[in-house]
Amino acid sequence: MSGMWIAIIVVAVIVIWVIAIYNALVRLRENRENAFADIDVQLKLRHDLVPQLVNSVKGYMEHEAGTLKAITEARQAAVSASSVNDKIAAEKQLGAALNGLNIQVEAYPDLKASTNFLQLQNELADIENKLAAVRRFFNSSTKELNVSVQKFPNVIFAGMFGFKQEPMFDVGEAERVVIEKAPEVKF
């Protein structure tokens with residue numbers, strides 16, 4: 001009879017242990033999704049600001065239509081992305097397109113001096129700074145989830161429960177090339 005009680009206790013401990021692992025993974029997944037919701041708020045502001053920025057630049061950059069078209073298409077892709085991973089990829093593309101615009105703007109001193117353009121550029125810079133902060137929080141949440149999914153004994157149950165490693169929200173390949181390039185100093 002005591003052997004049966006020991007078996008029941010062992011099974012109960014294992015069940016409680018598996019439930020605890022599952023609940024911890026769920027909590028981490030929800031933290032990650034909540035962190036991305038914070039990013040979504042900032043992305044909405046960014047998406048609303050981009051058309052205003054493009055319209056203010058159009059008059060000055062009529063022959064740079066390719067750059068403006070790339071920004072518009074990247075914004076549309078970012079707005080229509082549905083999953084977290086699709087949004088991450090689309091936002092990398094939009095960020096690269098906006099960097100291309102910043103490079104093109106350098107050739108237009110009148111545009112850089114325009115009050116409307118300066119205000120839009122400052123708003124975009126503020127949104128980009130806020131995005132950087134919420135991305136850090138999102139990446140921290142993603143890291144916690146990924147570490148927990150990979151840890152033993154969680155790794156045994158994570159796959160069974162549908163948990164997997166999730167991608168970080170990094171700067172993307174195009175931006176990485178810009179970041180890794182040494183700055184050009186001119187006198």
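Anyway, here's the lowdown on the structure attached to this text.

Definitions and limits used
Numbers given for residues are sequential positions, taken from 1 along each chain in its written order. Given that this is a predicted model, residues contribute local features only at a pLDDT of at least 70 and side-chain atom pairs are listed and counted only at 80 or more, while totals for whole chains, interfaces and linings are drawn from all residues. Computation of side-chain values covers all heavy atoms of the structure but excludes hydrogens and water. Put simply, DSSP H or I for four residues or longer makes a helix, DSSP E for two residues or longer makes a strand, and each gets a number counted from the N terminus. Partly exposed residues are those whose accessible area sits between 20% and 50% of the maximum for their type, while under 20% is buried and over 50% is exposed, using a 1.4 Å probe and protein chains only. Note on contacts: a residue pair is in contact if any heavy atoms of the two residues lie within 4.5 Å. Any carboxyl oxygen of Asp or Glu within 4 Å of a side-chain nitrogen of Lys or Arg constitutes a salt bridge here. Think of it this way: a Phe, Tyr or Trp ring, Trp meaning its six-membered ring, pairs with another when their centres are within 6.5 Å, and the plane angle makes it stacked under 30 degrees, edge-to-face over 60, tilted otherwise. Either the NZ atom of lysine or the CZ atom of arginine qualifies as a charge over a ring when it sits within 6 Å of the ring centre and within 35 degrees of the ring normal. In plain words, nonpolar cores are sets of buried Ala, Val, Leu, Ile, Met, Phe, Trp, Tyr and Cys residues tied together by side-chain atoms within 4.5 Å.

**Considering the side chain of H47**
Within the secondary structure layout, H47 lies in helix α1 (residues 2-58). For H47, a relative accessible area of 8% puts it in the buried group. Filtering out sequence-adjacent residues up to four positions away, H47 remains in contact with R75, A78, V79, E91 and L94.

**A word on the environment of L53**
The topology assignment puts L53 in helix α1. For the pair L53 and L120, spaced 67 residues apart in the sequence, the C-alpha separation amounts to 6.1 Å.

**So, the pattern of salt bridges**
Per the stated rule, a full pass over the model turns up 7 salt bridges. In this structure, R46 and E128 form a salt bridge, with 2.7 Å as the shortest nitrogen-oxygen distance. Of this pair, R46 sits in helix α1 while E128 sits in helix α5 (residues 115-150), placing them 82 residues apart in sequence. The buried category is assigned to R46, whose relative accessible area is 2%. Where K130 meets D126, a salt bridge forms, and the shortest distance between an N and an O atom there is 3.3 Å. Taken together, the residues span about one helical turn, with K130 and D126 both in helix α5 at a distance of 4 residues. Its relative accessible area of 39% is what places D126 among the partly exposed residues.

**Remarks on the packing of aromatic side chains**
Across all of its chains, the model carries 7 aromatic pairs by this definition. Measuring from ring centre to ring centre gives 4.8 Å for Y22 and F161, while their planes differ by 75°; the resulting arrangement is edge-to-face. In this pair, Y22 sits in helix α1 while F161 sits in the loop between α6 (154-158) and α7 (173-180), placing the two residues 139 residues apart along the sequence. Pairing F36 with F169 gives two aromatic rings, centres 6.3 Å apart and planes at 25°, and the pair type is stacked. Pair noted here: F36 is in helix α1 and F169 is in the loop between α6 and α7, with a separation of 133 residues, a long-range link. Chaining the aromatic ring pairs together yields one cluster made of W17, Y22, F157, F161 and F163. The aromatic ring of F169 is capped on one face by R135, whose charged end is 4.6 Å from the ring centroid.

**Quick word on the nonpolar core**
Within the largest apolar cluster, 25 residues are counted, with the highest numbers of intra-cluster contacts made by I39, I71, L98 and F138. Of all the secondary-structure elements, those providing two or more residues to this core are α1, α2 (65-80), α3 (84-105) and α5. Ranked by residues supplied to this core, first place goes to α1 with 8 residues. Excluding residues that lie within four positions of it along the chain, I71 makes contacts with V50, V54, L94, A97, L98 and L101. Ranked by size, the runner-up nonpolar core spans 9 residues in total, among them L25, L145, F157 and F163.

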